[in-house]
Amino acid sequence: MEQSGILVLHKPRGYTSHDCVMKIRRIFQTKKVGHTGTLDPDVNGVLPICIGKGTKVVEYMSGYEKEYNAELTIGYSTTTEDRSGDILESQAVTETWTKKEMETVLDEFVGHIVQVPPMYSAVKVNGKRLYAYAREGKVIERPKRHVQIKRLQLISDVEHKNNQVLFRFNVLCSKGTYVRTLAVDIGKRLGYPAHMSDLVRIGAGPYKLEDSFTFEQLESLKEKGSLHTVLQPFETAINHFPKVVVATEVEPLIKNGAVIPFDHKWSRFSVYNEAGECLAIYKEHPEKEGKYKPEKMFWIGGQPLQ
């Protein structure tokens, strides 16, 4: 039987998300592999990968909040807002800040903020990726986006050396947040050019770095015939939805995609049988008040999808 579930990959630096998908296809010997959002090549850390039946829930995973540990360097900015770009502006840092002072500045960025996406990003403007404009040497007006910084904490000393200031911070943020832009904006608040000099994603929704596996670990487990042990159930990807357990007599209706009433006011929820198996995701029927229809089926005709 084809292996299915969610792999929490520890993506190495130097790999694109697409590179990771291609490598996972080879390791697991299946074409049914999908990632849940890109992670820049210069960034390492958590990249959830859906395999087999797990690909059915990819669309529900893109909105996860993310958690990162990052390093901010104050003293010069770059074209890409991270360490991979060319130096854009340089200024010796003559001020010193204590940890308490820096924590106070970071607190100002917690909550709902507005960001302007960097030119070197995959955001589309007039049907064209911003990085394509950037490679042509163009700087165009970019749409502002509203994001949420749920937590922003200093996790190191504030180090002053070589006319620069460096420190690390932890951030928990909403989908669509650019941590490198956050780093640049913190620098602007302090009055200096800055960039994000390091970034590690340590969490994506329910998936954490301590639960992740490297390519080397996967290859080793494959040799031992234990590759299946790394996969988390696909249901872990939709645990944020309300959960309904149906009686045995209702189960065949769900498995066959019936439109049925529920005594709930949720717009979307997951449906389980009494054995604990996830059968489907249901949503409000747009034309039949009080009734719900399947949005995503995990069983059809009494058989689990593969």
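What you are looking at is a predicted structure, and each value in this text was computed from that prediction instead of being measured.

Analysis parameters
The residue numbers shown here count from 1 along each chain, following its written sequence. Predicted model: local features are reported for residues with pLDDT of at least 70 only, side-chain atom pairs are reported and counted for 80 or more only, and whole-chain, interface and lining totals are derived from all residues. For side-chain calculations, the full set of non-hydrogen atoms in the structure is used, while hydrogens and water are omitted. Helix and strand assignments follow DSSP, with helices taken as H or I runs no shorter than four residues and strands as E runs no shorter than two, numbered in order from the N terminus. Exposure categories follow from relative accessible area, calculated using a 1.4 Å probe and restricted to protein chains: below 20% of the type maximum is buried, above 50% is exposed, and the middle band is partly exposed. In what follows, a contact means two residues having at least one pair of non-hydrogen atoms within 4.5 Å. Using the Shrake-Rupley algorithm and a 1.4 Å probe, accessible areas are obtained, with residue cover drawn only from the displayed protein chains. A positive count includes Lys and Arg, and a negative count includes Asp and Glu. His and the chain ends are not counted in either. For this purpose, a charge sits on NZ of Lys, CZ of Arg, CG of Asp or CD of Glu. What counts as a salt bridge is simple: a side-chain nitrogen of Lys or Arg found within 4 Å of a carboxyl oxygen of Asp or Glu. Aromatic rings from Phe, Tyr and Trp, taking only the six-membered ring of Trp, are treated as a pair when their centres fall within 6.5 Å; an angle between ring planes under 30 degrees marks them as stacked, one over 60 as edge-to-face, and anything in between as tilted. Whether a charge sits over a ring depends on NZ of Lys or CZ of Arg being within 6 Å of the ring centre and within 35 degrees of the ring normal. For two strands to be treated as a pair, DSSP must find no fewer than two bridges joining them. Put simply, a nonpolar core is a bunch of buried Ala, Val, Leu, Ile, Met, Phe, Trp, Tyr and Cys residues held in one set by side-chain atoms that sit within 4.5 Å of each other. By definition here, a helix of n residues has an expected span of 1.5 Å times n minus one. Think of the arc as the fan of directions from the helix axis to the C-beta atoms.

Student: Help me get a handle on the overall build of the chain, residues and values and all.
Tutor: Broken down by element type, the chain carries 6 helices and 21 strands. Of all 306 residues assigned to the chain, the portion counted as buried reaches 46%. At a minimum sequence separation of 6, the contacts of the chain that also span at least 24 residues come to 68%. Element-wise, carbon and sulfur atoms account for 48% of the exposed surface of the chain, whose accessible area totals about 15400 Å². Both charge centroids of the chain, one from 42 positive and one from 38 negative side chains, sit 6 Å from each other.

Student: Can you break down the side chain of Ser-270 residue by residue, with the values?
Tutor: Tracing the chain through its elements places Ser-270 in strand β17 (residues 268-272). Non-local contacts of Ser-270, meaning those with residues more than four positions away in its chain, are made with Ile-238, Phe-241, Pro-242, Lys-243, Val-244, Cys-278, Ala-280 and Ile-281.

Student: For the pattern of salt bridges, give the residues involved together with the corresponding values.
Tutor: Summed over all chains, the structure comprises 15 salt bridges. For the salt bridge of Asp-40 with Arg-180, the shortest nitrogen-to-oxygen distance reads 3.7 Å. Of the two residues, Asp-40 is situated in the loop between β2 (33-35) and β3 (44-51) and Arg-180 in helix α4 (residues 179-190); the sequence distance between them amounts to 140 residues. Here Glu-59 and Lys-296 are joined by a salt bridge, their closest N and O atoms 2.7 Å apart. Of this pair, Glu-59 sits in the loop between β3 and β4 (66-74) while Lys-296 sits in strand β19 (residues 291-297), placing them 237 residues apart in sequence. Given the relative accessible area of 14%, Lys-296 is considered buried.

Student: Tell me what's going on with the packing of aromatic side chains, and back it up with residues and numbers.
Tutor: Enumeration over the complete set of coordinates arrives at 11 aromatic pairs. Their ring planes at 85 degrees and their centres at 6.0 Å tell us that Trp-97 and Tyr-192 sit as a pair that is edge-to-face. Of the two residues, Trp-97 is situated in the loop between β6 (87-90) and α2 (99-107) and Tyr-192 in the loop between α4 and β13 (194-204); the sequence distance between them amounts to 95 residues. Judged by relative accessible area, which is 6%, Tyr-192 ranks as buried. Measuring from centroid to centroid gives 6.4 Å for Phe-167 and Phe-169, while their planes differ by 55 degrees, and the two rings are tilted. With respect to class, Phe-167 is no different from Phe-169; both count as buried. Through a chain of ring-to-ring contacts, the aromatic side chains of Phe-262, Trp-266, Phe-269, Tyr-282 and Tyr-292 assemble into a single cluster. In this structure, Lys-23 is placed above the aromatic ring of Phe-215, and the distance from its NZ or CZ to the ring centre is 4.8 Å.

Student: Can you lay out the sheet that holds β19 for me, pointing to particular residues and giving the numbers?
Tutor: With respect to topology, 5 strands assemble into an open sheet ordered β15-β17-β18-β19-β16, the strand pairing being mixed. Taken across any chain shown, the strands that pair with only one partner, and hence form the sheet edges, are β15 (243-245) and β16 (260-261). With 5 bridges joining them, strand β18 (residues 278-284) and β19 adopt antiparallel strand pairing. When the sheet's bridge partners are listed, Ile-281 is paired in β19 with Lys-296.

Student: Give me the environment of Pro-193: which residues, what numbers.
Tutor: With respect to the secondary-structure elements, Pro-193 resides in the loop between α4 and β13. Sequence separation of Pro-193 and Glu-81 is 112 residues, and the distance between their C-alpha atoms is 10.0 Å. Residues contacting Pro-193, with those up to four places away along its chain left out, are Thr-73, Ile-74, Gly-75, Tyr-76, Ser-77, Glu-89, Ser-90 and Gln-91.

Student: An account of the environment of Lys-161 is requested, with residue identities and associated values reported.
Tutor: The residue Lys-161 is located in strand β11 (residues 159-161) in this model. When the C-alpha positions of Lys-161 and Glu-235 are compared, they lie 48 Å apart, and in sequence the two are 74 residues distant.

Student: Got a sec to walk through the nonpolar core? Specific residues and values, please.
Tutor: Core analysis: the largest hydrophobic core is formed by 49 residues, its most contacted members being Leu-7, Ile-24, Ile-74, Phe-167 and Phe-169. Not counting chain neighbours up to four residues away, the residues in contact with Phe-169 comprise Tyr-68, Asn-69, Ala-70, Leu-72, Leu-106, Leu-152, Gln-153, Leu-154, Ile-155, Val-179 and Leu-182. Judged by nonpolar contacts, the second largest core, of 31 residues, contains Tyr-60, Tyr-64, Ala-237 and Tyr-292.

Student: Residue-level account of helix α1 (residues 17-28), with values.
Tutor: Given a rise of 1.5 Å per residue, 12 residues ought to cover 16 Å, and the 16 Å separating the end C-alpha atoms of α1 matches this to within 8%. Buried within α1 we find Ser-17, Cys-20, Val-21, Ile-24, Ile-27 and Phe-28. Each buried residue of α1 lies within a common arc of 125 degrees when the element is viewed along its axis, so the set occupies one face. Tucked inside the fold, the buried residues of α1 contact β1 (5-11), β2, β3 and α5 (215-223). Note on α1: the residue one or two positions beyond its end, Gln-29, has a positive phi of about 55 degrees.

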